[in-house]
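# Coordinates in review
Okay, here's what each chain looks like letter by letter:
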Amino acid sequence: MCQHLRKTCRHSNTIIINNMTSAKILYLARYRVPHAIMSLQPEFTQHLIGVDRTCIASPVPKDELWPVFEQYGIDTSKFDYAPDSEIYRIYPEVNDWVFEGDYRTFWLRQQAIKFAFLDYLDYDLMIMHDCDCLLIKDYEPIKNGKLNFMVLENERHSWGYYESIKNALGFERLTPHCFISEFVPVLKKDFNDLVKFLEEKHNKKWLNAMIDSCPPEPTVPPWGNGELIRWFSEYEFIGNWAMSRQDITMEYQRRYHYDNMEKIGDFDPAYHTAVCDAIPDLRFSLQYDWDKKEIPKFDYYMDKIRERLARRT
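All of the points below concern the structure found in this document. (Residues numbered from 1 in each chain as written. Predicted model: local features only at pLDDT ≥ 70, side-chain atom pairs only at ≥ 80, totals over all residues. Heavy atoms only, no water.)

## Some details on the packing of helix H5 (residues 107-120) against helix H7 (residues 188-202)
- Interaxial distance between H5 and H7 falls to 9 Å at its minimum, and their mutual angle equals 115°. Classified by the interaxial angle, the pair formed by H5 and H7 is roughly perpendicular. Considering only the axes of H5 and H7, their crossing is left-handed. Here H5 contributes Phe115, Leu118, Asp119 and Tyr120 to the contact with H7, which in turn contributes Lys188, Phe191, Asn192 and Val195.
- Residues that form the contact of H5 with H7 fall into these classes: 5 nonpolar, 1 polar and 2 charged. (Axes fitted to C-alpha atoms, helices over the stretch in contact; angles between N-to-C directions. Helix = DSSP H or I, 4+ residues; strand = E, 2+ residues; numbered from the N terminus. Parallel < 35°, antiparallel > 145°, perpendicular 65-115°, else oblique. Left-handed = near helix turned anticlockwise from the far one by under 90°. Contact = heavy atoms within 4.5 Å. Nonpolar A, V, L, I, M, F, W, Y, C, P; charged D, E, K, R; others polar.)

Here it is, written out as structure tokens:
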């Protein structure tokens, strides 16, 4: 982890990137280790422009992860590591995001942990990244001196996502486009200001202010029979907060979703900008065999991607 925070400089609403520290924050549950290995291959990492380091934020111990990464040719010399255990120690209120009867179990708490890492880590610029999304075209988180967001054009999700923004921040959703792109830039200064704003406005810890602003909604079959659950999006929340504070730029993310591993290479390299796992049953997604220390058919799947990318050139 970066030990010394160097302040972001601003002039006339322009972000000056000289001397900024930056990192992609790769949130890594154990079941996503094979996806991380794939996302950290050079075919994909080359497309994230202007970011110095990668921070692995994970419950999986570093001494387990680094040998696995290196086995697949991943250079860890510019990697940092942050354990979930520190989040549970410093931010116990992440457990307030767990609700009895929620069929998604710890889905909300995973978002709370992501937020807590943004507070815990000391990079000036952080790129929140879910590793089941692969970049196949260049993306600059800061472009022409402004935060640059990839967005999904004219896309709307659950009502609760936007009610949470209104209740917590005091304003309606600011754009018809969706920030759930799995690559979301955050300025440390903006996040510090968010924490201060939430605690002063709601007179409680900032993580509690967030989840308490999220209204319960009844489930419907086949997912439930009227039990109340909450829908919250960390990416929509962060994107709208940033947009409320400064001018930002946007570019459309054109996703290819594969619902079967055999289809992973069926994207259009001339059109799509990202390749995303949409396999509904994780048992049939990419796997890591911890006994054999390997990802079955990894080269086979990477070859499918490489062959398709080669058509672009």
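## Structural notes on unusual backbone geometry
- Omega for the bond connecting Pro221 with Pro222 falls within 30 degrees of zero, at 5°, which places this linkage in the cis form.
- Positionally, Pro222 belongs in the loop between strand E11 (216-218) and strand E12 (228-230).
- Positive phi, close to 70°, is recorded for Glu182, a residue that is not glycine.
- With respect to the element layout, Glu182 can be found in the loop between helix H6 (159-169) and strand E10 (183-187).
- Its relative accessible area of 11% is what places Glu182 among the buried residues.
- Not every positive phi belongs to a glycine, and Lys293 is a case in point at roughly 55°.
- Take Lys293: it is sitting in the loop between strand E15 (274-277) and helix H10 (298-310). (Buried < 20%, exposed > 50% of the residue type's maximum accessible area, 1.4 Å probe, protein only.)

## Looking at the state of the cysteines
- Overall, the coordinates contain 0 disulfides when judged by the stated rule.
- Cys276 supplies the cysteine sulfur nearest to Cys178, a cysteine that is in no disulfide, at a spacing of 12 Å.
- Residue Cys178 is classed as buried on the basis of its relative accessible area of 0%. (Disulfide = S-S within 2.5 Å.)

## Considering the nonpolar core
- Ranked by internal contacts, the top residues of the largest apolar core, which has 69 residues, are Phe115, Met210 and Phe237.
- Per element, the largest residue contribution to this core is 8 residues, and it comes from H5.
- Beyond its immediate chain neighbours, meaning those up to four positions away, Phe237 contacts Phe115, Ser164, Ile165, Ala168, Leu169, Leu194, Leu198, Met210 and Phe232. (Core = buried A, V, L, I, M, F, W, Y, C linked by side-chain atoms within 4.5 Å.)

## A look at the side chain of Lys188
- With respect to the helices and strands, Lys188 occurs in helix H7.
- For the buried Lys188, no salt bridge is present, and the opposite-charge side chain at shortest range is Asp122, 4.2 Å distant.
- In this structure the side chain of Lys188 is engaged in a polar contact, spanning 2.9 Å, whose partner is the backbone oxygen of Leu118. (Lys, Arg positive; Asp, Glu negative; His and termini not counted. Salt bridge = Lys/Arg side-chain N within 4 Å of Asp/Glu carboxyl O. Polar contact = N/O pair within 3.5 Å; in protein donor to acceptor, adjacent residues only side chain to side chain.)

## Focus on a nonpolar patch on the surface
- A cluster of nonpolar residues, Tyr103, Val220 and Trp223, forms a patch on the protein surface that exposes about 330 Å² of accessible area.
- On the secondary structure map, Trp223 appears in the loop between E11 and E12. (Patch = residues over 30% accessible without salt bridge, like charges linked within 9 Å, V, L, I, M, F, W, Y side chains within 5 Å. Areas by Shrake-Rupley, 256 points an atom, 1.4 Å probe, with all protein chains shown as cover.)

## A look at the sheet that holds strand E4 (residues 53-58)
- Spatially, the 5 strands line up as an open sheet ordered E5-E4-E3-E6-E10, and their pairing is mixed. One side of each edge strand has no neighbouring strand; the edge strands of this open sheet are strand E5 (79-83) and E10. In this sheet, adjacent strand axes meet at a mean angle of 25° when their direction is disregarded.
- Across 5 bridges, strand E3 (residues 22-27) lies against E4 in parallel orientation. Within E4, the position partnered with Tyr27 by the bridge is Ala57.
- Seen against the sheet, helix H3 (residues 62-71) touches E4 and E5 and runs at an angle of roughly 145° to E5. (Pairing = 2+ DSSP bridges.)

## Quick look at the pattern of salt bridges
- Following the criterion strictly, the structure yields 24 salt bridges and no others.
- Glu262 is the salt-bridge partner of Lys297, the closest N and O atoms lying 3.5 Å from each other. Placement of Lys297 in the loop between E15 and H10 and of Glu262 in the loop between strand E14 (255-258) and E15 is noted, with a sequence separation of 35 residues between them.
- Under the relative-accessibility criterion, Lys297 is labelled partly exposed at 45%.
- Classification of Glu262 as partly exposed rests on a relative accessible area of 33%.
- Through salt bridges with shared partners, a single ionic network connects Lys189, Asp190, Asp193 and Arg245.

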